[in-house]
Structures are given as structure tokens and as C-alpha cells.
Amino acid sequence: MKRTAWIAAAALLAAPSASAAVADDGPGPLGVTVVASAGRPFARVGALFGADRAGHLAGGHFCTASVVHSPHHDLVVTAAHCLDGGDGSALVFVPGYRDGRAPYGIWPLRRQLLPDGWAAGGDEDGDEDSDVAFGVLGPVRGREVEDVVGAYRFVAGTAVGATAVTLTGYPDAREAPVTCSNRPRAHGAGQQRLTCPGFTGGTSGSPWVNGDGEVVGVLGGHERGGTTAGVSYSVVLGREAAALYREAAADP
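Below you will find a few notes about this structure. (Residues numbered from 1 in each chain as written. Predicted model: local features only at pLDDT ≥ 70, side-chain atom pairs only at ≥ 80, totals over all residues. Heavy atoms only, no water.)

Remarks on the side chain of His-222
With respect to the helices and strands, the residue His-222 is situated in the loop between strand 14 (214-218) and strand 15 (231-235). Residue His-222 is classed as buried on the basis of its relative accessible area of 18%. Of note is the side chain of His-222, whose polar atom sits 3.5 Å from the side chain of Glu-128. Residues in contact with His-222, not counting those within four places in the same chain, are Glu-128, His-187, Gln-191 and Tyr-233. (Helix = DSSP H or I, 4+ residues; strand = E, 2+ residues; numbered from the N terminus. Buried < 20%, exposed > 50% of the residue type's maximum accessible area, 1.4 Å probe, protein only. Polar contact = N/O pair within 3.5 Å; in protein donor to acceptor, adjacent residues only side chain to side chain. Contact = heavy atoms within 4.5 Å.)

A word on the sheet that holds strand 15
Reading across the sheet, the three strands line up as 11-12-15 and stay open at both edges, with antiparallel pairing between neighbours. The two strands at the open ends of the sheet, each matched to only one other strand, are strand 11 (185-186) and strand 15. Judged from the two bridges that link them, strand 11 and strand 12 (residues 191-195) form a sheet pairing that is antiparallel. Bridge pairing in strand 12 places Ala-186 opposite Gln-192. (Pairing = 2+ DSSP bridges.)

Topic: helix 5 (residues 239-249)
Among the residues of helix 5, those classed as buried are Ala-241, Ala-242, Leu-244, Tyr-245, Ala-248 and Ala-249. In an axial view of helix 5, the angular spread of the buried residues amounts to 165°, which keeps them on one side of the axis. Those residues of helix 5 that are exposed and aimed more than 90 degrees away from the buried face are Arg-239 and Arg-246. Residues of helix 5 that are buried in the fold lie against strand 4 (75-78), strand 6 (107-113), strand 7 (133-137) and strand 8 (153-154). (Arc of directions from axis to C-beta.)

A word on the nonpolar core
Note on soluble globular proteins: their nonpolar side chains tend to be buried together. If you look at the biggest cluster of nonpolar residues, it comprises 27 residues, and the most contacted ones within it are Val-77, Phe-134, Phe-154 and Val-215. Of all the secondary structure elements, the ones that give two or more residues to this core are strand 2 (45-50), strand 4, strand 5 (91-95), strand 7, strand 14 and helix 5. If one sorts the elements of this core by residue count, helix 5 sits on top with five residues. Grouped together as the second largest cluster of nonpolar side chains are 23 residues, Leu-48, Ala-79, Trp-107 and Ala-133 included. (Core = buried A, V, L, I, M, F, W, Y, C linked by side-chain atoms within 4.5 Å.)

Some words on the sheet that holds strand 6
Reading around the barrel, the six strands line up as 2-3-4-7-6-5 and close back on themselves, with antiparallel pairing between neighbours. For this sheet the average axis-to-axis angle between neighbouring strands, irrespective of direction, equals 40°. Where strand 2 meets strand 3 (residues 63-68), four bridges bridge the pair, whose relative direction is antiparallel. Following the sheet pairing, Gly-46 is matched in strand 3 by Ala-65. Against the sheet, helix 5 engages strand 4, strand 6 and strand 7, with an angle of about 10° to strand 7. (Axes fitted to C-alpha atoms, helices over the stretch in contact; angles between N-to-C directions.)

Fair warning: the whole summary comes from geometry, so function is off the table for now.
Below is the structure:
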């Protein structure tokens, strides 16, 4: 999991606004990290908390997840090392979390699904090429999370670096998400890497979203997502991730 000092990264967030259009579907200058705007589409990205923090969210988040489309409209994707491998009841997901508030509700995880390659080794010894997982959420007031905030599409098998992607996540030391766009590069056969400043502890599980609204990476993998604020990793989403998604999406 990302573990670096926040001080250096904070200065980078004061960079000029990422409002200027760029090529390859990025929303702003490549490699510039800024605070994500409130509301859609970033409402699909949220923070993970222990269930015991549901009544007092401020300062309690520890990882990032995002809503991905499924037939039951109840699915989030994150890094496997963010989950404990239990039934999920000890965790909640807060989409669009900001400044201690839950503008779209607090959603309980009712089931976790981890790849066999990760689950066999546990958190410390799991295969870094299997560091992706799904959480099935329970409804809130009779509604499913996708019906409230929308969803990205989860897509496996895309070519690494085919387009720029946008990375969005929640650093532990901040109460709002940060976002940055850049083009991924291959890091060995099973990993991809992205250069964006300011992605410190807490950003594990952040989605890598291309211009078509597809999640093509999840911050994690090598070194549990990276040990520096400026370079992040993801597994290359392949057959194992696709099979796990199908299993999660079929959950009744």
C-alpha cells in the first residue's frame, strides 16, 4: 500500500488547473495532479472505511474504490490488498466522499471477492499480479449504488498505454480526492505503471479510467501500488480479473 510523506505532494496540488484539453482523452495537462471536482463523474469514486467509522467519517478512510457496471448495479472494484478477505461486513464504501460528508450515502459491503492468486497467500504474500478485488454492496433505502452515482465499465484485455487514463483516489492525509491523467507504460508482463504526483497512502484501489469510461487498471500490484508518491502501479487486467468480475457480477 502506498506509504510516503504528504508534504512534497501537497505542493504539487497547487499546480495550475487541469482544465485545458489534451490528446488521448485526458481531462487536463498530462502528469498534473489536482483536487477532483465535486459531483459527477468523480462521484463514482469513493473511499473505504471500517464500518465502525460510519457515524464519524472524517479522517477514517484508508483505501479507494469505484463503482463498475454490473447486472445488479451493486459492484465496486478496488485492490485486493485493501480487503481482508472476510465477508465484507466490516467495511463501508462512501462514493463522492468529501470533508467528512457522504453526499451519496454510506454503502455496506456484503461480500468480498478476491482472486485465487491473491487469496492463497494472504495480504502479505499474495501474488502482486493478482492485486485486484471486487466488493458487492448492500442497498441503501431500497436503491443500489449504481442507480445513484452511475458506474464505469470494467474492461480486461486492453493494450497497456493504448490511451491516456485518469487516476482518481483518496490520499489518507486529505479529505477530498485527487486526480491526474497520463499514459500508462508496461512494467514487466503482469504490471503497468503511471507517473502522477501526489498519490500517497490511501490511494490504493484507485481506478485507471480511459476516455470511454472504462476501468483498465486499479492502483495496486507491484509494491502494493508503489512506494513513492509519483509512480503508481496496477496489475494488467487479464483473464483472472475478467473471470473474477464475471463471478462478482453474477452475485444475486
